[in-house]
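# Coordinate inspection notes
Listed below are the residues making up each chain.
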Amino acid sequence: MEHHRGKGVERVDEAYAIRRYQQAAALLPLRWQRLCRQVPEEQQAEAEELRLRAGQTLTLLLRGGEVPAARERPYPVVTQTELEQLCDGVTDYSRYAAADTLSRGYLTARGGFRIGVCGTAVLRDGVNTNLRDISSVTIRIAREQPGLSTEVLPQLFREGSFCSTLLLAPPGLGKTTLLRDLIRGLSDGAEGVSPHRVAVVDERGEIAVMFQGIPQMALGSHTDVLDACPKALGIPILLRSANPQVIAVDEITVREDLMAMSAAANCGVRFLATIHAADRRELGRRPLFSHLLKEKVFEKLVTIRREEGQRQYLVEELW
């Protein structure tokens, strides 16, 4: 079995990282915007999320965990009204128009920000149709890293053809960031790689981060996106409507996803997908994922690890 090890291009320009933080903070009610501007620039550049909980203070998620945005006690407290105002502002005061994604726990904002929302579920016939009495909001600060996949992408070909590839890592190691850059590289083409027609099933709204029909993340000029659709339904839709060479999806979680992939693979389409696991051994211990390996839908595996503060990408042949 062949193994290839490489480093991604992880150098995010500090000014860009701070600018993305400030764009995310601009979604907040005014007093929290002012507080976020007082955060030291090194923390602004590092922050991955802004987290607001009713009755608690605003926190930043850094690599080492959550820290208060305020520098001095007593810390100011987020009100439930402010959470409602935030959701109204993000949806241009048309929250009913975003009820579909809100019922699944998130909103998307212009600029490529995905906003996780918790509150009281509104159930109808056992199905959640909306959220009310918002209790917490998480703004994820997505930052693109063009060139991240430069070393990895050429390793995902065999005899000139792209191999279906699975990206594996625990949460927080950048699977979606790498996935985006691989999509962009396949779509636009790269050194030694011709442009491909890529279709994306963005079930959770995290890959393209669509806002009013426009991807807020750069996914390439030959990419089609099906947003907010379960993978098992979206894959056959894309086969019929987009004639893709490669279909990219986010987290594989249920057997129905695998069945849809197997059927599409028999039609000649290749896949690019992510999955949660620490390594291949853990992957093989789970019944669903063991079935995935037996089905031989995927030919290559990219395991993401962090070593000495840098992400490492281990590319393996699955068969």
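Residues numbered from 1 in each chain as written. Predicted model: local features only at pLDDT ≥ 70, side-chain atom pairs only at ≥ 80, totals over all residues. Heavy atoms only, no water.

## So, the overall build of the protein chain
What counts here: To qualify as a helix, a DSSP run of H or I must reach at least 4 residues; to qualify as a strand, a run of E must reach at least 2; elements of each kind are numbered from the N terminus. The quantity called the radius of gyration is restricted to C-alpha atoms. Its globule counterpart is 2.2 Å times the number of residues to the power 0.38. For the exposure calls, accessible area comes from a 1.4 Å probe over protein chains only, and a residue counts as buried if that area is under 20% of its type's maximum, exposed if over 50%, partly exposed in between. Pairs of residues are marked as contacts when any of their non-hydrogen atoms sit within 4.5 Å. Exposure was quantified through the Shrake-Rupley algorithm and a 1.4 Å probe, taking into account, for residues, occlusion by the shown protein chains and nothing else. Asp and Glu count as negative and Lys and Arg as positive, but His and the ends of the chain are not part of the count. A charge is said to be at NZ when it belongs to Lys, at CZ for Arg, at CG for Asp and at CD for Glu.
Secondary structure assignment for the protein chain yields 10 helices and 18 strands. Taking 20 Å as the expected radius of gyration for a compact globule of 319 residues, we find that the protein chain reaches 20 Å, a close match to that expectation. C-alpha atoms of the protein chain, sized along the principal axes, occupy 60 × 50 × 40 Å. Taking all 319 residues of the protein chain together, 50% fall into the buried category. Taking the intrachain contacts of the protein chain between residues at least 6 apart in sequence as the baseline, contacts between residues at least 24 apart amount to 65%. Surface summary for the protein chain: the accessible area is close to 15200 Å², and the carbon and sulfur share equals 49%. Charged side chains in the protein chain number 41 positive and 41 negative. The centres of these two groups are separated by 2 Å.

## Here's the deal with the side chain of threonine 101
Quick reminder of the rule: N or O atoms within 3.5 Å of each other form a polar contact, as long as, within protein, one can give a hydrogen and the other can take it, and as long as residues adjacent in sequence are counted only when both atoms are side-chain atoms.
Within the secondary structure layout, threonine 101 lies in helix 5 (residues 99-102). Within the structure, threonine 101 has its side chain in polar contact with the backbone oxygen of alanine 98 (distance 3.3 Å). There is a polar contact of 3.2 Å between the side chain of threonine 101 and the backbone oxygen of tyrosine 106. When sequence neighbours within four positions are dropped, the list of residues in contact with threonine 101 reads Tyr106, Leu107 and Ala228.

## A word on the packing of aromatic side chains
Stated formally: Stacked, tilted and edge-to-face pairs are distinguished by plane angle, under 30 degrees for stacked and over 60 for edge-to-face with tilted covering the rest, among Phe, Tyr and Trp rings (Trp via its six-membered ring) whose centres lie within 6.5 Å. By definition, being over a ring means that NZ of Lys or CZ of Arg is both within 6 Å of the ring centre and within 35 degrees of the ring normal.
Applying the stated criterion across every chain, the model contains 1 aromatic pair. Ring plane angle 70° and centroid distance 5.6 Å describe the contact between phenylalanine 157 and phenylalanine 162, whose orientation is recorded as edge-to-face. The residues phenylalanine 157 and phenylalanine 162 share a single accessibility class, namely buried. Between arginine 114 and the ring centre of tyrosine 106, over which it is positioned, the NZ or CZ distance is 4.3 Å.

## Some thoughts on the sheet that holds strand 4 (residues 65-68)
Selection criterion: At least two DSSP bridges between two strands are needed for those strands to be called paired. Helix axes are fitted only over the stretch in contact, all axes being lines through C-alpha atoms; the angle between N-to-C directions runs from 0 to 180 degrees.
Reading across the sheet, the 6 strands line up as 4-3-2-7-6-5 and stay open at both edges, with antiparallel pairing between neighbours. Among the strands making up the open sheet, the edge pair consists of strand 4 and strand 5 (106-109). Each adjacent strand pair in this sheet contributes to an overall mean axis angle of 40°, direction not counted. As judged from the 3 bridges shared by strand 2 (residues 49-53) and strand 3 (residues 59-62), these two strands associate in the antiparallel manner. What sits directly across from leucine 50, in strand 3, is leucine 60.

## Re the nonpolar core
Selection criterion: We call a set of buried residues a nonpolar core when its members are Ala, Val, Leu, Ile, Met, Phe, Trp, Tyr or Cys and they connect through side-chain atoms within 4.5 Å of each other.
Judged by nonpolar contacts, the single largest core of 33 residues is most densely connected at Leu28, Leu50 and Ile139. Mapped by element, the contributors of at least two residues to this core are helix 1 (14-25), helix 2 (30-37), strand 2, strand 3, helix 4 (80-90), strand 5, strand 6 (113-124) and strand 7 (127-140). Setting aside its immediate chain neighbours within four residues, isoleucine 139 contacts Ala24, Leu27, Leu28, Glu48, Glu49, Leu50, Leu86, Phe113, Arg114 and Ile115. Grouped together as the second largest cluster of nonpolar side chains are 28 residues, Phe157, Leu178, Ile183 and Leu219 included.

## A closer look at the pattern of salt bridges
Our working rule: Salt bridges are counted wherever a side-chain nitrogen of Lys or Arg sits within 4 Å of a carboxyl oxygen of Asp or Glu.
By the definition in use, this model includes 22 salt bridges. For glutamate 66, the salt bridge identified is with arginine 53, shortest N-O distance 3.0 Å. With a gap of 13 residues between them, glutamate 66 in strand 4 and arginine 53 in strand 2 connect regions that are remote in the sequence. A relative accessible area of 38% means that glutamate 66 is categorised as partly exposed. According to the relative accessible area criterion, arginine 53 is partly exposed, its value standing at 30%. We note a salt bridge from aspartate 181 to arginine 184, for which the minimum N-O separation is 2.4 Å. With a gap of 3 residues between them, aspartate 181 and arginine 184 both fall in helix 6 (residues 175-188), about one helical turn apart. The exposure class of arginine 184 is buried, given its relative accessible area of 13%. Where salt bridges share partners, they join Glu49, Arg51, Arg53, Glu66, Arg114, Arg140 and Glu206 into one cluster.

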